[in-house]
Amino acid sequence: MKNLLVLLAGLTFATSGWAGNVLNGKVTSVIDGNTIEMLADDNESYKIMLYGIDSPELGQEFGEKARKFLEKMILEKNVNVNIQGKDRWGNRLGVVLIEGIVDPRFELLEAGLAWTAERDPIQELEVIKENARAKGKGLWKEQDPTPPWIYRRQQTMTQLKSS
């Protein structure tokens, strides 16, 4: 019985991590089309990337438009953030709800200002993206828009060559 309790405690600790943690607070800045900074109720500042989407980078067409769209929607608003984990660079990934109701990921995808994640896209979000693509909204007005992950790789290659 003691071994079972130790095993259960270990599993609970190992799986708790960031996933499932909720932060509440106010958005203090919008960094880009899928990244915000918030001041949480614990008086700590957190940088959060919207989980499951990727907006154009600021150097790309529609990048600044995506940032302004998100800023208009979320800046100075109260949010609840369900942390889903971290990306490979250590950025917190979260599902953000404005005033506990509005999910900005849906709004960005509907406006054609974001892609779904490069790897393992969330099916619910993929449907919204494909709907915007079919309607030719936002970045989907372009014939073959460059996804932000390709753009970032291209920028990295350019920087490596110029060093």
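Above this text sits the structure in question.
Residues numbered from 1 in each chain as written. Predicted model: local features only at pLDDT ≥ 70, side-chain atom pairs only at ≥ 80, totals over all residues. Heavy atoms only, no water.

(A) Quick look at the pairing of strand 3 (residues 45-50). Here strand 2 (residues 35-40) pairs with strand 3 via five bridges, running antiparallel. Of the residues in strand 3, the one forming a bridge with Met38 is Tyr46. Following strand 2, the chain reverses through four residues before pairing antiparallel with strand 3; Asn43 in that reversal takes a positive phi of roughly 70°. Looking at chain direction, strand 3 and strand 6 (residues 92-98) are connected through three bridges and run parallel. When the bridges of strand 6 are listed, Met49 appears paired with Leu93. (Pairing = 2+ DSSP bridges. Helix = DSSP H or I, 4+ residues; strand = E, 2+ residues; numbered from the N terminus.)

(B) Summary view of unusual backbone geometry. A positive phi angle, near 70°, is found at Asn43, a position not held by glycine. Inspection of the secondary structure puts Asn43 in the loop between strand 2 and strand 3. Take Asn43: its relative accessible area is 61%, and that puts it in the exposed class. Backbone geometry at Phe62 places phi at a positive 75°, although glycine is not the residue there. (Buried < 20%, exposed > 50% of the residue type's maximum accessible area, 1.4 Å probe, protein only.)

(C) Spatial organisation of the layout of surface pockets. By volume, the largest pocket is sized at about 790 Å³. Around the largest pocket sit 27 residues that line it, and Asp54, Asp87, Trp89, Ala117 and Arg152 are the ones nearest its centre. Those elements that place two or more of their residues in the lining of the largest pocket are strand 1 (22-32), strand 3, strand 4 (53-54) and helix 5 (148-162). Each residue belonging to the lining of the largest pocket can be placed in one class, and the counts come to 11 nonpolar, five polar and 11 charged. (1 Å grid on protein atoms, 1.4 Å probe; cavity = no way out; pocket = protein on both sides within 12 Å on 5 of 7 lines; lining within 4 Å. Points joined across faces, edges and corners; volume = space filled by probe spheres on them. Nonpolar A, V, L, I, M, F, W, Y, C, P; charged D, E, K, R; others polar.)

(D) Main features of the side chain of Arg105. Following the sequence through the fold, Arg105 ends up in helix 3 (residues 104-110). Sequence-distant contacts of Arg105, that is, excluding residues within four places in its chain, are made with Leu50, Tyr51, Ile53, Val95, Ile122 and Leu125. (Contact = heavy atoms within 4.5 Å.)

(E) Highlighting helix 2 (residues 63-74). Taking 1.5 Å of rise per residue, 12 residues should cover 16 Å, and helix 2 covers 17 Å from first to last C-alpha, within 8% of that figure. Residues of helix 2 that are buried include every one of Gly63, Ala66, Arg67, Leu70, Met73 and Ile74, and no others. The arc enclosing the buried residues of helix 2, seen along the axis, measures out at 135°, which places them on a common side. (Expected span 1.5 Å × (residues − 1). Arc of directions from axis to C-beta.)

(F) Quick peek at the pattern of salt bridges. Under the defined criterion, the tally for this structure stands at nine salt bridges. With a shortest N-O distance of 2.7 Å, Asp54 and Arg152 are connected by a salt bridge. Placement of the pair is Asp54 in strand 4 and Arg152 in helix 5, with a sequence separation of 98 residues. Accessibility expressed as a relative area gives 9% for Asp54, which makes it buried. You can call Arg152 partly exposed: its relative accessible area is 30%. A salt bridge links Glu126 to Lys129, with the shortest nitrogen-to-oxygen separation between them at 3.0 Å. Highlighted residues: Glu126 and Lys129, both in helix 4 (residues 123-135), separated by three residues, approximately one helical turn. Across this residue pair, the class does not change: Glu126 and Lys129 are buried. (Salt bridge = Lys/Arg side-chain N within 4 Å of Asp/Glu carboxyl O.)

(G) Spotlight on the packing of aromatic side chains. All told, the structure shown has two aromatic pairs when counted by the stated rule. Seen in terms of ring centroids, Trp115 and Trp140 are 5.5 Å apart; in terms of plane orientation they differ by 65°. Their pairing is edge-to-face. In this pair, Trp115 sits in strand 7 (residues 115-116) while Trp140 sits in the loop between helix 4 and helix 5, placing the two residues 25 residues apart along the sequence. Exposure remark for Trp140: the relative accessible area of 8% places this residue in the buried category. Judged by centre distance (6.3 Å) and plane angle (70°), the ring pair of Trp115 and Trp149 falls under edge-to-face. Highlighted residues: Trp115 in strand 7 and Trp149 in helix 5, separated in sequence by 34 residues. One aromatic cluster is present, built from ring pairs that chain together Trp115, Trp140 and Trp149. (Phe/Tyr/Trp six-rings, centres within 6.5 Å; stacked < 30°, edge-to-face > 60°.)

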